[in-house]
Amino acid sequence: MTILGTALGLAFYLLQAVSGESGYAQNGDLEDAEVDEYSFSCYSQLEVDGFQHSLTCAFDDPVANSTNLEFEICGALLRVKCLNFSKLQELYFIKTKNFLLIGDSKICVKLGKKNLICKEIDITKIVKPEPPFDIKATYRKGANDFMVTFNTSHLQKQYVNQLIHDVAYRQEKDEGNWMHVNLSSTKLTLLQRKLQPDAMYEIRVRSIPNSNYFEGFWSDWSPSTHFRTPENHRAGEIDPVLLTVSILSFCSVVLLAILACVLWKKRIKPMIWPSIPDHKKTLEQLCKKPKKNLNVSFNPESFLD
């Protein structure tokens, strides 16, 4: 029994040693774990709610979210020295008016009162804009192109109001074949000749800061919008609508010509050129010789002649 107890004790000790070497740590032993396990990344969004700015951080390793770790930011703040983050699922965030937007801040991952890992971060260099919205693609028949317009909340902002927009579009059946156009305005013209006829297209937009002071990352993609290109008529092919209108117009002209020929003498010509009395016949009536043996009388009946 002594030998068996010794063997079991040795086996238990080896298991504990292997478990310790594997790098596994409970919440109470986080200070002994590797620093790389708590690496994180952050991004800021300015003027997201009036004059408030937000800062969002997340661990690079999702396993760290199950621990009792906290985030704290110190430095480059107004009226306060440090601020603690709130946690929402896998994200740690803070929204405040106290960001100075000048100089670096120190963001630390903490366990209780002990700092496990810290980073010096400039809030103005990690800006992630809000995604664009309200994308519209309007076909202009006269110009034979599509006018693409969209909106962004940064047009009304004081700080991050200079952006580069990435407009991506593709034919709906092409999964990964995206075409990209970068521009600083919120309008884009897509020529019809560069698109496939009678095809459904998908289009979306994202933005990134474009200034010397504010820098950062691409925003999330906007919701996609779809539009269909018109059919492309071949050379020599006649539009059915135009053909129908032409035939009806020709038949109307022929019918009017036939009616004009039939009604010319009886209806049309008398209205255009009314008949004028013949002056010769009128004079003959005035110069008519009186009858012989004319019974002259003042009787009104005798004036009939």
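Remember, it's a predicted structure, so these values are computed and weren't measured experimentally.

Participant: So what exactly am I meant to see when it comes to the overall build of the protein chain here?
Facilitator: A count of helical and extended segments in the protein chain gives 4 helices and 15 strands. Looking at the 305 residues of the protein chain, the share that counts as buried comes to 29%. Partitioning the contacts of the protein chain with sequence separation of at least 6, the portion at a separation of at least 24 is 59%. On the protein chain, roughly 21,700 Å² of surface is accessible, and the fraction owed to carbon and sulfur atoms is 57%.

Participant: Is there a simple way to explain the pattern of salt bridges in this structure?
Facilitator: Taken as a whole, this structure holds 8 salt bridges when the rule is applied. A salt bridge links glutamate 72 to lysine 110, with the shortest nitrogen-to-oxygen separation between them at 3.4 Å. Pair noted here: glutamate 72 is in strand 3 (residues 70-74) and lysine 110 is in strand 7 (residues 105-111), with a separation of 38 residues, a long-range link. Lysine 110 matches glutamate 72 in its accessibility class, with the two residues each being buried. Across the pair arginine 170 and glutamate 202 runs a salt bridge whose closest N-O atoms are separated by 3.0 Å.

Participant: What is the right way to look at the pairing of strand 2 (residues 52-59) in this model?
Facilitator: The side chains of a regular strand alternate, first on one face of the sheet and then on the other. Burial analysis of strand 2 places 7 of its 8 residues in the buried class, which makes it a mostly covered element. In this antiparallel pair of consecutive strands, strand 1 (residues 40-49) and strand 2, the connection spans 2 residues, and glycine 50 shows a positive phi of 70 degrees. Judged from the 5 bridges that link them, strand 2 and strand 6 (residues 91-96) form a sheet pairing that is antiparallel. Counted as the bridge partner of serine 54 is lysine 95 from strand 6.

Participant: So what exactly am I meant to see when it comes to the sheet that holds strand 7 here?
Facilitator: Paired through their backbone hydrogen bonds, the strands of a sheet run either parallel or antiparallel. Pairing in this open sheet of 4 strands is antiparallel, and the strands run 4-3-7-8 from one edge to the other. Both edges of this open sheet fall to strand 4 (82-84) and strand 8 (114-121), since each of them pairs with a single strand only. The average undirected angle you get between the axes of adjacent strands in this sheet is 25 degrees. Here strand 3 pairs with strand 7 via 5 bridges, running antiparallel. From the neighbouring strand, cysteine 74 faces strand 7, where its bridge partner is lysine 106.

Participant: Could you clarify how one ought to interpret the sheet that holds strand 2 in this entry?
Facilitator: Spatially, 1-2-6-5 is the arrangement adopted by the 4 strands of the open sheet, whose pairing is antiparallel. Sheet topology places strand 1 and strand 5 (86-88) at the edges, where each strand pairs with a single neighbour. Neighbour to neighbour, the strand axes of the sheet diverge by 25 degrees on average, direction disregarded. As paired elements, strand 5 and strand 6 share 3 bridges and run antiparallel to each other. Note on strand 6: the bridge partner recorded for serine 86 is phenylalanine 93.

Participant: Explain the side chain of serine 222 to me, please; I cannot follow it from the model alone.
Facilitator: Along the chain, serine 222 turns up in the loop between strand 14 (200-209) and strand 15 (225-228). For serine 222, the residues in contact, after removing those within four places along its chain, are Pro131, Pro132, Ile135, Arg204 and Val205.

Participant: Before we go on, may I ask you to explain the nonpolar core in this structure?
Facilitator: Within soluble globular proteins, side chains that are nonpolar generally end up buried alongside one another. One finds Leu55, Phe59, Phe71, Ile73 and Ile107 to be the most contacted residues of the largest nonpolar core, which totals 30 residues. For this core, the secondary structure elements donating two or more residues are strand 1, strand 2, strand 3, strand 6, strand 7 and strand 8. When we break this core down by domain, the ones giving at least three residues each are domain 1 (40-122) and domain 2 (133-229). Sequence-distant contacts of leucine 55, that is, excluding residues within four places in its chain, are made with Cys42, Tyr43, Ser44, Ile73, Phe85, Tyr92, Phe93, Ile94, Phe99, Ile107, Ile123 and Ile126. One finds Ile135, Val167, Ala199 and Val205 within the second-largest nonpolar core, a separate group that totals 15 residues.

Participant: I tried to follow the environment of asparagine 182 on my own but got confused; where do I start?
Facilitator: Looking at the element boundaries, asparagine 182 is found in strand 12 (residues 179-183). Sequence separation between asparagine 182 and alanine 168 is 14 residues, and the spatial gap between their C-alpha atoms is 8.8 Å. When neighbours within four sequence positions are excluded, asparagine 182 is seen to be in contact with Ile164, His165 and Asp166.

Participant: Can you help me understand the state of the cysteines in this one?
Facilitator: The term disulfide refers to a covalent linkage connecting the sulfur atoms of a pair of cysteines. This model, assessed by the stated rule, comprises 3 disulfides. Between the sulfur atoms of cysteine 74 and its disulfide partner cysteine 82 the distance amounts to 1.9 Å. For the disulfide bridge between cysteine 74 and cysteine 82, the dihedral angle about the S-S bond is near 115 degrees, and by the sign convention the bridge is right-handed. The class of cysteine 74 is buried, set by a relative accessible area of 18%. We classify cysteine 82 as partly exposed; its relative accessible area is 27%. A disulfide bridge connects cysteine 108 with cysteine 118, and the sulfur atoms are separated by 2.0 Å.

About the cut-offs
- Residues numbered from 1 in each chain as written.
- Predicted model: local features only at pLDDT ≥ 70, side-chain atom pairs only at ≥ 80, totals over all residues.
- Heavy atoms only, no water.
- Helix = DSSP H or I, 4+ residues; strand = E, 2+ residues; numbered from the N terminus.
- Buried < 20%, exposed > 50% of the residue type's maximum accessible area, 1.4 Å probe, protein only.
- Contact = heavy atoms within 4.5 Å.
- Areas by Shrake-Rupley, 256 points an atom, 1.4 Å probe, with all protein chains shown as cover.
- Salt bridge = Lys/Arg side-chain N within 4 Å of Asp/Glu carboxyl O.
- Pairing = 2+ DSSP bridges.
- Axes fitted to C-alpha atoms, helices over the stretch in contact; angles between N-to-C directions.
- Core = buried A, V, L, I, M, F, W, Y, C linked by side-chain atoms within 4.5 Å.
- Domains from an automatic or database assignment.
- Disulfide = S-S within 2.5 Å.

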